[in-house]
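# Breakdown of the fold
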Amino acid sequence: MRCTHQDVSLEYDDIGDGVPLLLIHGFLLDRTLWRPQIAGLTQIYRVIAPDLRGFGQSSDTHGETMTMEQYAADIKSVLDSANVKQAVIGGISMGGYIALAFYAQYADRVRGLILANTRAVPDSKEARQARLTNAQKVSDVGPSSLVETMAPQMLKSAPNAEIEIAARSMMMRQRSPGIMSALRGMAARPDRTALLRFVTVPVLIVSGAQDALIPPSESEAMHALIPNSRLVIIKDAGHLSNLDEADAFNQEIREFYKQVA
Ligand code: MLT
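Quick summary incoming for the structure in this document.

Rules used in this analysis
Residues numbered from 1 in each chain as written. Predicted model: local features only at pLDDT ≥ 70, side-chain atom pairs only at ≥ 80, totals over all residues. Heavy atoms only, no water. Pairing = 2+ DSSP bridges. Helix = DSSP H or I, 4+ residues; strand = E, 2+ residues; numbered from the N terminus. Right-handed = clockwise from strand over helix to strand, strands pointing away. Buried < 20%, exposed > 50% of the residue type's maximum accessible area, 1.4 Å probe, protein only. 1 Å grid on protein atoms, 1.4 Å probe; cavity = no way out; pocket = protein on both sides within 12 Å on 5 of 7 lines; lining within 4 Å. Points joined across faces, edges and corners; volume = space filled by probe spheres on them.

## Topic: the pairing of strand S8 (residues 229-234)
- The sheet contact formed by strand S7 (residues 203-208) and S8 spans 6 bridges and is parallel. Counted as the bridge partner of Val206 is Val232 from S8.
- Each parallel crossover has a hand, and for S7 linked through helix H9 (residues 216-225) to S8 it is right-handed.

Here it is in structure tokens:
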């Protein structure tokens, strides 16, 4: 499916029936990240999975800063285009930053939130600087060294070989301008901690015990602040918990749906 707003075109999958679940992929990835969720959940729910602007088959960016709020506005356009008034909004990692930005702007469109392998706090000064340096490096020489650094940190320590190959090839096919825009946008993201206490919808927080990029402590911190939240730390999962342990991840979503459907 395709949604076009202003000059931006966003590709998305929209499969199944029932209370919609919109899933937002993370950095250096695209909507194919959610294949195991589409395979495991669309018999019971409607799953909508967009490519963020600059990634997958959606329009290119030009390397400019794409704020989490701008990505969230794109997600709203996808919901509008799919005629969805309210959905469960789920995001992993950078997708979680965007899910929180979406809730901050469009709470009335949210039936529940899934925050996977993500955090509410902004970058430290050093992390921000590193992102901006990486964005410049991607601009100068392309994304391959960033992919080489990040790929081994995305999955658990002994990942399934097929999953490892698929994740790496997903990262390798992403384009420099979109990567630069996302790096600059993540560096600019605000602290969402104050929002957490005011989240009124049910929230599922998922982490991986082997997450090398965003440790479970970040999820515990969000869980302590969000009133109606459930925290699940999947023992054998790394950063991309939905790939490492797809069955466990999908099962948690099914349980969560009992609260929101
Ligand atoms: C992601 O997986 O989306 C990124 O690792 C998030 C981040 O770098 O903060």
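Continuing now.
## Focus: the pairing of strand S1 (residues 2-5)
- By the alternation rule, side chains of S1 split into Cys3 and His5, which are all buried, and Arg2 and Thr4, of which none is buried.
- Where S1 lies against strand S2 (residues 8-15), 4 bridges are found, and the strand directions are antiparallel. Considered in S2, the bridge of Cys3 is made with Leu10.
- Hairpin connection, S1 to S2: the antiparallel pair is bridged by 2 residues, and Gln6 has positive phi, about 45°.

## Topic: the layout of surface pockets
- Roughly 480 Å³ of volume is contained in the largest pocket.
- Along its surface, the largest pocket is lined by 29 residues, and Phe27, Arg131, Met150, Leu183 and Leu213 are the ones closest to its centre.
- Looking at the lining of the largest pocket, the elements with two or more residues in it are helix H3 (94-106), helix H4 (125-141), helix H5 (144-154) and helix H7 (176-187).
- The element best represented in the lining of the largest pocket is H4, accounting for 7 residues.
- Surrounding the second largest pocket, Thr32, Arg35, Pro36, Glu162, Ile163, Ala166, Ala167, Ser169, Met170, Arg173 and Leu243 form its lining.
- Looking at the lining of the second largest pocket, the elements that each hand over two or more residues are helix H1 (35-41) and helix H6 (161-172).

## Re unusual backbone geometry
- Of note in this structure, Gln6 is not a glycine but carries a positive phi near 45°.
- With respect to the helices and strands, Gln6 occurs in the loop between S1 and S2.
- Residues other than glycine seldom take positive phi values, yet Leu28 does so here, at roughly 70°.
- Of note, Leu28 is situated in the loop between strand S3 (20-24) and H1.
- Among the residues examined, Leu28 registers a relative accessible area of 0% and is labelled buried.

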